[in-house]
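# Results of the structural survey
Residues per chain, in single letters:
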Amino acid sequence: MSLSVYLFIKADTLFVRLSGELDHHTSFQLRERINSLMDQYIVKNIIFNLKKLSFMDSSGIGVILGRYNLVKRNKGIIIACDLNSTIEKIIKISGLYKILVITESEEQASKYLGVA
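## What to know about the overall build of the protein
- Each helix and strand counted, the protein has four helices and five strands in total.
- Here the protein has a C-alpha radius of gyration of 13 Å; the compact-globule value for 116 residues is 13 Å, and the two agree.
- The dimensions of the protein, computed from C-alpha atoms along their principal axes, are 30 × 25 × 20 Å.
- Classification of the 116 residues of the protein by burial places 47% in the buried group.

Encoded structure:
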């Protein structure tokens, strides 16, 4: 299975909606697309909507962790929202939950950041 990515920016927040599998085959392109937008626009925060993500391996964890380091420089945060049970387990096991804000929905994430 492949990865479908929908990206958009609202205010200073990059919204990343993922569907499919985030693994070593797809992580490089996602990383490059996000980095390109972060270089092009003023991005302080990132919201990852993971509702339709069916699989994530260590490469996907690396994508999120690397973007965390970038937004941290801008005093921003990363929010993961709409976690399905599979991805929620991966985020807990990997320890990502320690550096991410977790919300139930993209709407809740937007309100948290004041970009609703």
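## Some points on the sheet that holds strand S2 (residues 13-22)
- Spatial ordering of the open sheet is given by S1-S2-S3-S4-S5, a layout of five strands whose pairing is mixed. The outermost strands of the open sheet, each flanked by one partner alone, are strand S1 (3-10) and strand S5 (101-103). Across the sheet, the axes of successive neighbouring strands diverge by a mean angle of 20 degrees, strand direction being ignored.
- For S1 and S2, the ladder comprises eight bridges, and the chain directions are antiparallel.

## Remarks on the packing of aromatic side chains
- Under the definition given, this model contains two aromatic pairs.
- On the basis of an interplanar angle of 45 degrees and a centroid distance of 5.5 Å, the ring pair of tyrosine 6 and phenylalanine 8 is categorised as tilted.
- Seen in terms of ring centroids, phenylalanine 8 and phenylalanine 15 are 4.5 Å apart; in terms of plane orientation they differ by 5 degrees. Their pairing is stacked.
- Feature note: the residues Tyr6, Phe8 and Phe15 constitute an aromatic cluster, connected by ring pairs.

## Some details on the pattern of salt bridges
- This structure, assessed with the given rule, holds three salt bridges.
- With a shortest N-O distance of 3.6 Å, glutamate 88 and lysine 92 are connected by a salt bridge. Taken together, the positions of glutamate 88 and lysine 92, both in helix H3 (residues 85-94) and four residues apart, correspond to about one turn of that helix.
- With a shortest N-O distance of 3.2 Å, lysine 111 and glutamate 107 are connected by a salt bridge. Taken together, the residues span about one helical turn, with lysine 111 and glutamate 107 both in helix H4 (residues 106-113) at a distance of four residues.

## A few points about the environment of valine 115
- Among the structural elements, valine 115 can be located in the segment after H4.
- The class of valine 115 is buried, set by a relative accessible area of 7%.
- Through-space distance from the C-alpha of valine 115 to that of serine 19 is 23 Å; in sequence the pair is 96 residues apart.
- Aside from chain neighbours lying at most four places away, what touches valine 115 is Lys10, Ala11, Asp12, Thr13, Phe15 and Ser110.

Rules behind the numbers
- Residues numbered from 1 in each chain as written.
- Predicted model: local features only at pLDDT ≥ 70, side-chain atom pairs only at ≥ 80, totals over all residues.
- Heavy atoms only, no water.
- Helix = DSSP H or I, 4+ residues; strand = E, 2+ residues; numbered from the N terminus.
- Rg over C-alpha atoms; globule rule 2.2 N^0.38 Å.
- Buried < 20%, exposed > 50% of the residue type's maximum accessible area, 1.4 Å probe, protein only.
- Pairing = 2+ DSSP bridges.
- Axes fitted to C-alpha atoms, helices over the stretch in contact; angles between N-to-C directions.
- Phe/Tyr/Trp six-rings, centres within 6.5 Å; stacked < 30°, edge-to-face > 60°.
- Salt bridge = Lys/Arg side-chain N within 4 Å of Asp/Glu carboxyl O.
- Contact = heavy atoms within 4.5 Å.

Note that every value here comes from positions in space, so none of it alone points to a role or purpose.
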